[in-house]
Amino acid sequence: VYTTYQDEKGFIWIGTSNGLQRFDGARFTSFSSASDKGDLPVSDLVKIISVQKNQLWLHFQNRGEVGVFNTVNFQYRKVNILPARPLPLRREVKLWKDSKGGVYLSVWLYGILKYNAQKDAFIDFDGFHLPEGWKPTAHLYEDTVTNRFWFPCADSGLA
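Once a new chain begins, its residue numbering starts again from 1 and follows that chain's sequence as written. Local features in this predicted model are restricted to residues whose pLDDT is 70 or higher, and side-chain atom pairs enter the listing and the counts only when it is 80 or higher, whereas totals over whole chains, interfaces and linings include all residues. To obtain the side-chain values, all non-hydrogen atoms of the structure were used and water was disregarded.

A.B. asks: In this structure, what is going on with the sheet that holds strand 4 (residues 28-30)? I would like to understand it.
C.D. replies: Strand pairing in a sheet relies on backbone hydrogen bonds. The paired strands run either parallel or antiparallel. At least two DSSP bridges between two strands are required for those strands to pair. Numbering goes from the N terminus for both helices and strands, where a helix is a DSSP run of H or I of at least four residues and a strand is a run of E of at least two. Overall, antiparallel pairing links the 4 strands, which are arranged 1-2-3-4 in an open sheet. Strands with a single pairing partner mark the edges of an open sheet, and in this sheet they are strand 1 (3-6) and strand 4. Within this sheet the neighbouring strands show an average axis-to-axis angle of 25°, counted without direction. When strand 2 (residues 12-16) meets strand 3 (residues 19-23), the two strands line up antiparallel, connected through 5 bridges. Axis definition: a line fitted to C-alpha atoms, over the contacting stretch in the case of helices. Angles run 0 to 180 degrees between N-to-C directions.

Quick look at the structure:
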C-alpha cells in the first residue's frame, strides 16, 4: 500500500503495487485491468488526490503516468505530460494540488508542471518565480495562512 484516500461517500480508495482498490467497509474491489485500451493500469499507484466530485487523480510512478478515474462509471483516462524539454531519466515526481484546486507535478531537478484544462495536459509552469537556475525537489509546503509556498531546491537552498 502506497497511498489511501477516503471520499465523501465513505469509500476508502487504496493505491497499491497492483493498482487501485476500494474498500466499502466490508470488502475490497479491484479496479485494475491489464489491456491496451486505456484501462486502469496494473502498476504502482503512489498517489490519489481528489480535485472534483466523483473524480480521483491517480499517479503511477513507475509508468510515469497520471490519469483521472471516475468513481461513478469507473472510467479511466490518461492525462498527457508535455514538458518543454526532456525530463530527467531518473526522477522523483510528486502529484499534488494547492488550496485553490490547481493540480501540479513537481519533478526533481526539472521544475513544476501544472495541469492545463484547455490542453488536457501537464505543461511547464513558472508561476512560483524560483530564483534562476534553482531546481526544486519533488517536495514542497504550502502555507495557507501567508499564501506562500516553500520549495527545497537541490544544491541551492530553500525558496
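A.B. asks: Looking at this structure, how should I read the pairing of strand 11 (residues 111-116)?
C.D. replies: Remember that side chains alternate between the two faces of the sheet whenever the strand is regular. The classification of residues rests on relative accessible area computed with a 1.4 Å probe and restricted to protein chains. Under 20% of the type maximum is buried, over 50% is exposed, and intermediate values are partly exposed. Counted residue by residue, strand 11 has 5 buried out of 6 residues, so it is predominantly covered. Remark: 3 residues form the turn of the hairpin made by strand 10 (residues 103-107) and strand 11, two consecutive strands paired antiparallel; Leu109 in that turn has positive phi of roughly 65°. Pairing between strand 11 and strand 12 (residues 121-125): 5 bridges, direction antiparallel. By the bridge assignment for strand 12, Asn116 is matched with Ala121. The turn linking strand 11 back onto strand 12 is made up of 4 residues, and Asp120 within it adopts a positive phi angle of 50°.

A.B. asks: Quick question: what am I supposed to make of the packing of aromatic side chains here?
C.D. replies: Pairs were defined over the aromatic rings of Phe, Tyr and Trp, the Trp ring being its six-membered one, requiring ring centres within 6.5 Å. Orientation was assigned from the angle between planes: stacked under 30 degrees, edge-to-face over 60, tilted for the rest. A full pass over the atoms with the stated rule returns 20 aromatic pairs. Ring centres of Phe60 and Tyr76 lie 6.2 Å apart, and the angle between their planes is 85°; on these two criteria the pair is classed as edge-to-face. Of this pair, Phe60 sits in strand 6 (residues 55-60) while Tyr76 is found in strand 8 (residues 76-82), placing the two residues 16 residues apart along the sequence. A residue is classified by how much of its surface remains accessible, and Tyr76, at 11% relative accessible area, is buried. Ring centres of Phe69 and Phe74 lie 6.2 Å apart, and the angle between their planes is 20°; on these two criteria the pair is classed as stacked. Put simply, the rings of Trp96, Tyr104, Phe125, Phe128, Phe149 and Phe151 touch in pairs and so form one group of aromatic residues. Look at NZ for Lys and CZ for Arg. If either is within 6 Å of the ring centre and within 35 degrees of the ring normal, a charge sits over the ring. Over the ring of Phe11 we find Arg22, and its NZ or CZ is 4.1 Å from the ring centre. Of note, Arg85 hangs over the ring of Tyr110, and the distance from its end group to the ring centre comes to 4.0 Å.

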